[in-house]
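Here are the chains, one letter per residue:
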Amino acid sequence: MGAQHVIEGVQIVPMGMSNAFLLEGDDGLTLIDAGYPGKAAAVFRTIRGLGGSPDQLKHLIFTHGHPDHIGSAAAIVRETGARTYMHPLDIPMAESGGPFRPMRGAPGLLRQMMCKLFFHPEERTEPVAIDQPLTPGEILPIAGGFEVIHTPGHCAGQVALLWRPGRMLFVGDVCMNVMGLGDPVGFENLNDGRASQRKLASLSFEAAGFGHGAPIVRGASTRFRNKWGANEVRKKSAA
Ligand SMILES: [Zn+2]
Ligand SMILES: [Zn+2]
């Protein structure tokens, strides 16, 4: 499957079971996440499809350091020289290429099975050096500005990235949009994961991009609020 336009300036790069996103800015191209191993060609194909060349990729920002988000990073950096960014808590996993911190399956039989099937802490990926640690709360001056929001739970060093020009939130694996908006396959810490989902539900954004599942193009923060907003939580606990 080829790349698809999501909103102005954003392409989704389907990489099998996970997604990466390519953004066009005045300062070159930016990639968010780097898929499973062996998927670098999908990124280069997307760049060429825009009429560009791989050396125009300047920045590679990771939502977190799991194998399905860093797998092709080393190959992409070799070809492009892109600068890499990640939250400090996940940098050791990326720079060693595993092993990865264990997760427990999220509530529900389906996710418990998916977690066992798709996540293997002992997996190894090609190590990738991280050039710049991300600081929660900072505005990264890339592609018009990304707000860095720390969202632990699924993974301690996970961040969501709010791209200001397009009001698009890149959520990594805080949640996924596979058969509807819901939990990721697993959590390192369920309480932290819920707090991160509520944190994102309190923000205002138009579009959302997920590590897994289809992007939401319009009215995304309303969907998050309906699922994880403060009122919803109160209603559920009263029921
Ligand atoms: Zn993950
Ligand atoms: Zn993932």
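Everything discussed here concerns the structure shown above.
Keep in mind the model is a prediction, meaning the values are calculated, not measured.

Ordered in space as β9-β10-β11-β12-β16, the 5 strands form an open sheet in which the pairing is mixed. Among the strands making up the open sheet, the edge pair consists of β9 (139–140) and β16 (207–209). Sheet analysis places β9 next to strand β10 (residues 146–150), joined by 2 bridges and oriented antiparallel. Note on β10: the bridge partner recorded for isoleucine 139 is glutamate 147.

Turning our attention to the environment of glutamine 56. Along the polypeptide, glutamine 56 turns up in the loop between α1 (40–49) and β5 (57–61). Since 14 C-beta atoms lie within 10 Å of it, glutamine 56 is described here as partly exposed.

Further remarks concern the sheet that holds strand β3 (residues 18–25). Taken together, the 7 strands give an open sheet; going across it, the order is β1-β2-β3-β4-β5-β6-β8, and neighbouring strands pair in mixed fashion. The open sheet has two edge strands, β1 (4–7) and β8 (132–133), and neither has a second partner. Both β5 and strand β6 (residues 83–86) contribute to a ladder of 3 bridges, which runs parallel. Its bridge partner lying in β6, isoleucine 61 is registered against tyrosine 85.

What follows is about the environment of threonine 84. Relative to the helices and strands, threonine 84 resides in strand β6. Overall, the presence of 23 C-beta atoms within 10 Å leaves threonine 84 in the buried class. Sequence separation of threonine 84 and leucine 60 is 24 residues, and the distance between their C-alpha atoms is 4.8 Å. Sequence-distant contacts of threonine 84, defined by excluding residues within four places in its chain, comprise Leu60, Ala73, Val77, Val128, Ala129, Ile130 and Asp131.

What counts and how
Residues numbered from 1 in each chain as written. Chains lettered and ligands numbered in written order. Predicted model: local features only at pLDDT ≥ 70, side-chain atom pairs only at ≥ 80, totals over all residues. Pairing = 2+ DSSP bridges. Helix = DSSP H or I, 4+ residues; strand = E, 2+ residues; numbered from the N terminus. Buried ≥ 20, exposed ≤ 12 C-beta atoms within 10 Å, placed from the backbone. Contact = placed C-beta atoms within 7 Å.

None of this, on its own, says anything about what the molecule does.
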